[in-house]
Amino acid sequence: MVPREIRPGIFWVGVNDRTTDLFEGIWPLPHGVSYNAYLVVGRKIALIDSVKEHYAEEFVRNIAEVVEPARIDYLVVNHMEPDHSGALPLLRRMAPNAEILAAPPARPMLAGFYGIAERVRAVADGERLDLGGKILSFHHIPFVHWPETMATYEETEGVLFPCDAFGGFRALDGVLFADEVDFSLYEDEILRYFANIVGMQSQAVLRAIEKLKGLRIEVIAPSHGLIWRKNPERVVELYARWARMEGEAGVALIFGSMYGETRKAAEALARGVAEEGLPVRVLDAGRIHPSFLVRDAWRFSGLALGSPTYDAGVFPPVEYALRLLERKRLKNRVVALFGSHGWKGGALRKLREKVEELGWEVVGELGFPGEPGPGELSGARELGKALAQRIKTLAKI
Ligand SMILES: Cc1cc2nc3c(=O)[nH]c(=O)nc-3n(C[C@H](O)[C@H](O)[C@H](O)COP(=O)(O)O)c2cc1C
Ligand SMILES: [Fe+2]
Ligand SMILES: [Fe+2]
């Protein structure tokens with residue numbers, strides 16, 4: 001995409017990535033992702049963030065449409081993860097005089113990742129930099145997403161560059177701003193990004209939101225996805241709600257099934273939830289990448305976990321999804337458990353132990369041998385209803 005002036009003297013010069021299959025080598029990108037970077041042009045010129053190495057040349061061409069790269073005075077590195085820092089070696093060659101500005105923990109990382117030690121200056125929390133006509137300030141927001149992460153703020157235009165915070169998956173389809181798109185197309189991918197990439201750092205996200213509150217923010221310009229120039233508080237509220245792990249009233253029904261027995265109970269349980277008027281998403285853990293399961297578990301306050309017994313334990317795709325939720329420290333969930341077994345079972349006991357360890361509330365449990373009979377199917381439906389009723393009570397609906 002071509003560069004675009006988002007505010008006087010502030011230009012988006014990022015790139016869309018539609019060729020990386022797996023972000024961080026694990027998360028699928030069916031709709032791509034953007035690496036946003038910004039030029040702030042005062043009498044001096046600062047470049048905020050960069051892009052993944054693979055896209056470095058395209059990125060430099062974008063920059064060159066706005067300014068001669070050699071004229072850049074400062075390379076602001078909000079975050080060292082290579083999706084934002086990968087073009088630094090090329091930038092160093094194209095802008096040899098530019099000074100790198102980053103939070104103190106970035107210094108050893110710059111050396112470790114790129115062998116860069118020269119012309120690096122660690123900026124203090126709250127430090128200001130007058131570019132002449134534009135004024136930057138730097139705000140450390142550790143662990144949103146790595147320890148060195150900071151947000152940069154341009155005072156005259158009120159633009160916040162928070163890097164990973166408030167970003168999302170999904171490339172920018174010809175536009176840049178949230179008010180230019182059907183947001184419902186983007187929201188799921190913003191949540192999938194939040195849950196899988198920064199969800200584990202939810203406390204740090206909440207601390208950052210609190211810390212940045214004092215700034216007069218007109219525009220939020222993250223380093224992935226949409227830019228917010230109208231109602232930037234909307235994305236802040238979304239992030240805050242997700243970070244508080246409140247969950248919308250509804251159910252993510254995550255199940256696995258080898259021969260369809262657990263699946264039959266899943267259908268009945270979903271019906272029970274729907275009969276109580278709550279949304280339910282039925283997700284086959286064996287077929288759907290876990291990042292989508294994590295996303296929907298993050299979205300809803302209710303979880304239904306269905307697993308056949310497999311080698312005396314939980315069916316591996318369900319176990320993996322639960323393990324990811326544990327790693328990401330998801331809290332405040334109400335849960336129903338169900339599943340088929342051949343002889344002695346064991347999956348449900350293991351699921352229950354894990355769920356209790358996570359501090360989630362178990363509403364009920366339904367195990368059955370082989371195929372669920374009529375009584376068991378109505379039991380699954382009742383379990384769905386009981387789960388939905390508990391969710392509604394907690395949500396005061
Ligand atoms: C590889 C494999 C391992 C299994 N291990 C157990 C087990 O340890 N204990 C048990 O009770 N049933 C076990 N079963 C039987 C299944 O739990 C049973 O067939 C169940 O009905 C499958 O439900 P599903 O069709 O929803 O997958 C196993 C089945 C397979 C194929
Ligand atoms: Fe990151
Ligand atoms: Fe990132």
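Residues numbered from 1 in each chain as written. Chains lettered and ligands numbered in written order. Predicted model: local features only at pLDDT ≥ 70, side-chain atom pairs only at ≥ 80, totals over all residues.

## Describing the overall build of the protein chain
1) Next: For the protein chain, the count of helices and strands is 12 helices and 23 strands.
2) Next: In terms of overall size, the protein chain behaves like a compact globule, its C-alpha atoms giving a radius of gyration of 24 Å where 397 residues would be expected to give roughly 21 Å.
3) Next: On the principal axes, the C-alpha backbone points of the protein chain span a range of 75 × 40 × 35 Å.
4) Next: Burial analysis of the protein chain (397 residues in total) assigns 50% to the buried set. (Helix = DSSP H or I, 4+ residues; strand = E, 2+ residues; numbered from the N terminus. Rg over C-alpha atoms; globule rule 2.2 N^0.38 Å. Buried ≥ 20, exposed ≤ 12 C-beta atoms within 10 Å, placed from the backbone.)

## Section: the nonpolar core
1) Next: One finds Tyr38, Leu75, Val251, Leu253, Ile254, Leu269 and Leu387 to be the most contacted residues of the largest nonpolar core, which totals 128 residues.
2) Next: By residue number, the principal contributor to this core is helix H5 (residues 183-198), which donates 7 residues.
3) Next: When residues of this core are sorted by domain, at least three fall in each of domain 1 (4-244) and domain 2 (252-390).
4) Next: Among all residues touching leucine 75, those that are not within four sequence positions of it are Leu47, Leu88, Leu91, Ala98 and Ile100. (Core = buried A, V, L, I, M, F, W, Y, C linked by C-beta atoms within 7 Å. Domains from an automatic or database assignment. Contact = placed C-beta atoms within 7 Å.)

## Comments concerning the site of ligand 1
1) Next: Residues in contact with ligand 1 amount to 20 residues; listed here are only the nearest, Met258, Tyr259, Thr262, Pro308 and Gly342.
2) Next: For the shell around ligand 1, the secondary structure elements donating two or more residues are helix H8 (261-275), strand S20 (309-310) and strand S22 (334-341).
3) Next: Among the elements that make up the shell around ligand 1, the one with the highest residue count is H8 (3 residues).
4) Next: Here the residues of the shell around ligand 1 sort into 6 nonpolar, 10 polar and 4 charged. (Near = placed C-beta within 6 Å. Nonpolar A, V, L, I, M, F, W, Y, C, P; charged D, E, K, R; others polar.)

## Details of the domain arrangement of the protein chain
1) Next: Looking at the assigned domains, one finds that the protein chain contains domain 1 (4-244) and domain 2 (252-390).
2) Next: Of the residues lining the interface, 10 residues belong to domain 1; the matching set on domain 2 comes to 10 residues.
3) Next: Elements with a minimum of two residues in the side of domain 1 that touches domain 2: strand S5 (27-28) and H5.
4) Next: Take the side of domain 1 that touches domain 2: its biggest share by element is 5 residues, from H5.

## Notes on the sheet that holds strand S19 (residues 300-306)
1) Next: Strand order across the open sheet formed by 5 strands is S18-S17-S19-S22-S23, with parallel pairing between neighbours. The open sheet is flanked by strand S18 (280-284) and strand S23 (361-369), the only strands paired with a single partner. Put simply, the sheet's adjacent strands are angled 15 degrees from each other on average, direction ignored.
2) Next: Judged from the 5 bridges that link them, strand S17 (residues 248-255) and S18 form a sheet pairing that is parallel. If you follow phenylalanine 255 over to S18, its bridge partner there is aspartate 284.
3) Next: Strand contacts of H8: S17, S18, S19, S22 and S23, with the helix running at about 170 degrees to S17, the strand carrying the most contacts.
4) Next: The sheet contacts of helix H9 (residues 290-299) involve S17, S18 and S19, and relative to S17 the element is tilted by about 150 degrees. (Pairing = 2+ DSSP bridges. Axes fitted to C-alpha atoms, helices over the stretch in contact; angles between N-to-C directions.)

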